[in-house]
Amino acid sequence: MRSDAELLDHILNHIDNGTTDLGDEDWFEPVENYTSPLRFDAERRLMRRLPIPFCPVAALPNAGSYVARASAGVPLVVVRGLDGSIRAFRNACRHRGMQLADGSGCTKIFRCNYHGWAYRLDGRLEYVPHEHGFPELDKNSNGLVPVHEVEIRSGLVFVTQDEPVGLGALDSLPDLLTENQVLFDSSESVEDINWKLTAEGTLEGYHIKPTHPESFYPYGYDNLNVIETQGPNSRVCFPFRRIEKLRDAPRENLSLDRMVTLVHRIFPFTSINQLSQHCHVSFAEPESATRTRYFNYKFTLPKPNGSAATEEELARAKKDAAFLSDTGNQEDAKVVSDIQAAMSSGANTHYRFGRFESAIHHLHSNLARYLERLDEFEKSESFVKDLIS
Ligand code: FES
Ligand SMILES: [Fe+2]
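Since the structure is predicted, the reported quantities are computational estimates derived from the model, not experimental observations. Numbering of residues begins from 1 in every chain and follows the order in which that chain's sequence is written. Whichever chain is written first is A, and whichever ligand is written first is 1; the rest continue in order. Reporting in this predicted model follows two pLDDT cut-offs: at least 70 for local features of residues, and 80 or more for side-chain atom pairs to be given and counted; totals over whole chains, interfaces and linings ignore these cut-offs and use all residues. Heavy atoms throughout the structure, all of them, feed into the side-chain values; hydrogens and water do not.

Caption draft 1: Molecular detail of the pairing of strand β18 (residues 291–300). Extensive coverage of β18 is indicated by the burial of eight of its 10 residues. In this description, strands pair whenever DSSP reports at least two bridges between them. Numbering of helices and strands runs from the N terminus; a helix is a DSSP stretch of H or I covering at least four residues, while a strand is a stretch of E covering at least two. Bridge count between strand β12 (residues 183–191) and β18: eight bridges; the pairing is antiparallel. Residue pairing for β18: Leu183 is matched across the bridge by Phe299. Pairing of strand β17 (residues 278–288) with β18, which is carried by 10 bridges, proceeds in the antiparallel orientation. By the bridge assignment for β18, Pro286 is matched with Thr292. Hairpin geometry of β17 and β18 is characterised by an intervening segment of two residues between the two adjacent antiparallel strands. Partly exposed describes any residue whose relative accessible area lies between the buried limit of under 20% and the exposed limit of over 50%, with all areas from a 1.4 Å probe on protein chains only and scaled to the type maximum.

Shown next as structure tokens:
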């Protein structure tokens, strides 16, 4: 990724020449990949075999803080233990499978609502009511079942549920959330949309003028963005017009905060958008080919000097978030729901992504590559199973 100073010069060059970043070629994505239940199922299986961001570390501030939700259709609970470590378990009681936690909160122990079995924050089975009813139960081997791996990177909790097929987003992860960013809002929403449509809508600036004529375009440019990739991840930079004020600014220690919108796609399901005055993190949980649940977290902007956000900065962040939900986000939502509704029209067998849309090309080509790997992995796994049986 370019430094802010390099990014500024690159952007000024585009402004002066009326140009934008260009990919090498078109990409054709089959419409079937948005509609097919088989493809949906493969994407979900892949989700279980990659490191996938589950929630921000900031959502787990204290010992006992937990977040429970499904990931790739599997209910999980991620919790900070008394030792400060963050662990992730399958959210299912070892007696008869009841889910132990719901939503988010802070607890000392996970007590099952069905018959009262209780688990410590590190997953150990602590208590079984009327234990003499289970003469053969070994409590030590009946703790909560952990996921394959948890990693904390760039302010996010990455969960790999099962043996992975590759490094995925962790292949080369950019710097994302910093500790001084204040988490001020979290919410959940469900959209009758294939998750890829929403992702695509954030990854190019070609649509800014026609789709956002009064919300974004007056502050930005028509079809001017900088696209960078890091491993399978990408970062699209949309400059605001006010960036031109920095033309003669000293390049040393230059910061482009508030001068650009940065859209990070953390391969493949997560977006982190650093906007004018706040940062929006969104975790997609595809529930079917046509339905996606989103877990959204809003933060203040990072501060280069590491200091905490002031009350005024927090107020500005909240105002910015409200402005976006009332304007640009609705315009984007209308576009994706219209595309979703027209998908069955049969007009297109493929969608065409041009040279301005290379970040989308990057997402789809990496997704295709990883799905192929998953296919090989599953074939070799079933080959081994056949050998053994
Ligand atoms: S299912 Fe949890 S205690 Fe019975
Ligand atoms: Fe948009």
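On we go.
Caption draft 2: Quick look at the packing of aromatic side chains. Think of it this way: a Phe, Tyr or Trp ring, Trp meaning its six-membered ring, pairs with another when their centres are within 6.5 Å, and the plane angle makes it stacked under 30 degrees, edge-to-face over 60, tilted otherwise. As enumerated under the stated definition, the model contains seven aromatic pairs in all. Residues Trp117 and Phe134 carry aromatic rings whose centres are separated by 5.3 Å and whose planes lie at 85° to one another, so their mutual orientation is edge-to-face. One end of the pair, Trp117, is in the loop between β7 (110–111) and β8 (118–119); the other, Phe134, is in the loop between β9 (125–127) and β10 (149–153), with 17 residues separating them in the sequence. On the accessibility criterion, Trp117 (4% relative accessible area) is buried. With a relative accessible area of 30%, Phe134 lands in the partly exposed category. With centroids separated by 5.3 Å and ring planes inclined at 35°, the aromatic side chains of Phe267 and Tyr370 adopt a geometry described as tilted. With Phe267 in the loop between β15 (260–266) and β16 (270–274) and Tyr370 in helix α8 (residues 358–388), this residue pair connects regions lying 103 residues apart in the sequence. Note on Phe267: relative accessible area 1%, which makes it buried. A relative accessible area of 2% places Tyr370 in the buried class. Directly above the aromatic system of Tyr34 lies the positively charged group of Lys196, at a separation of 5.2 Å from the ring centroid. Note on geometry: a ring has a charge over it if NZ (lysine) or CZ (arginine) is within 6 Å of the ring centre and within 35 degrees of the ring normal. Over the aromatic face of Tyr221 sits the side chain of Arg241, whose NZ or CZ is 5.7 Å from the ring centroid.

Caption draft 3: Quick look at the nonpolar core. By convention a nonpolar core is built from buried Ala, Val, Leu, Ile, Met, Phe, Trp, Tyr and Cys residues, the set being connected through side-chain atoms within 4.5 Å. Leu46, Val78, Leu156, Val157, Val159, Val281 and Tyr297 are the most contacted members of the largest nonpolar core, which totals 65 residues. Of the residues forming this core, the biggest block, eight residues, is contributed by α8. What Val159 contacts, discounting residues up to four positions off in sequence, is Leu50, Pro51, Ile52, Phe54, Leu76, Val78, Ala88, Val147 and Glu149. Core analysis: the next-biggest nonpolar cluster, separate from the first, contains 18 residues, Tyr221, Val226, Ile243 and Leu256 among them. By definition, residues are in contact when any of their heavy atoms lie within 4.5 Å.

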